[in-house]
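# Results of the structural survey
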Amino acid sequence: TQYYLSDAERRQLLYKRWMFVRSFNPSLARVKEIVIQCNIPIRMLFGRHDSIILFKNGLSFSKSSEGLITTTIAEGGHRLLKEKYIPDILKVINE
C-alpha cells in the first residue's frame with residue numbers, strides 16, 4: 001500500500017480503479033452457466049488468510065461446475081505473488 005499511497009498520481013489511479021471496480025457486479029450464476037455451456041476451464045488461487053477476496057466465495061462458485069472450475073487455497077493472504085507461493089501458483093497453472 002505504501003507504493004500506492006506515497007505518490008499523488010498513484011493514489012489517484014488507485015482511487016479511480018476502486019471507483020470503477022466497486023460497481024462491477026456480474027451475475028455469477030450466468031458466468032457459471034456460460035463456463036459450463038462453453039466448456040471453459042477456470043482455475044482460481046486464493047489465500048486462506050485473505051480478508052479482501054475470500055476463498056469461501058471461490059469454493060462456493062466452483063460447486064456444481066462439472067469440474068470445470070477449480071479452487072486452490074494457498075496458506076497466504078492477499079498478496080500471493082511471492083516466491084514462497086510458487087508451488088501453489090504452479091499447481092494452478094499445471095492443472
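Use the structure listed above.
Scope of this entry: the structure provided in the associated data block. (Residues numbered from 1 in each chain as written. Predicted model: local features only at pLDDT ≥ 70, side-chain atom pairs only at ≥ 80, totals over all residues. Heavy atoms only, no water.)

By secondary structure assignment, the location of Ser65 is in the loop between helix H4 (55-62) and strand S2 (69-74). Owing to a relative accessible area of 2%, Ser65 belongs among the buried residues under this scheme. Looking at Ser65, its side chain comes within polar contact range of the main-chain oxygen of Ser62, at 2.7 Å. At 3.2 Å, the side chain of Ser65 forms a polar contact with the backbone nitrogen of Ile69. (Helix = DSSP H or I, 4+ residues; strand = E, 2+ residues; numbered from the N terminus. Buried < 20%, exposed > 50% of the residue type's maximum accessible area, 1.4 Å probe, protein only. Polar contact = N/O pair within 3.5 Å; in protein donor to acceptor, adjacent residues only side chain to side chain.)

Attention now goes to the pairing of S2. The pairing of strand S1 (residues 42-47) with S2 spans six bridges and is classified as parallel. Pairing of Met44 across the sheet is with Thr71, part of S2. Considered for its hand, the β-α-β crossover made up of S1, H4 and S2 is right-handed. (Pairing = 2+ DSSP bridges. Right-handed = clockwise from strand over helix to strand, strands pointing away.)

Within the fold, Arg22 resides in the loop between helix H2 (8-21) and helix H3 (28-37). Judged by relative accessible area, Arg22 falls into the exposed class, the value being 64%. On a C-alpha basis, the gap between Arg22 and Lys63 in space is 25 Å, while along the polypeptide they are 41 residues apart. Among the polar contacts made by the side chain of Arg22, one reaches the main-chain carbonyl oxygen of Met19 at a distance of 3.4 Å.

Geometry only, nothing functional implied.
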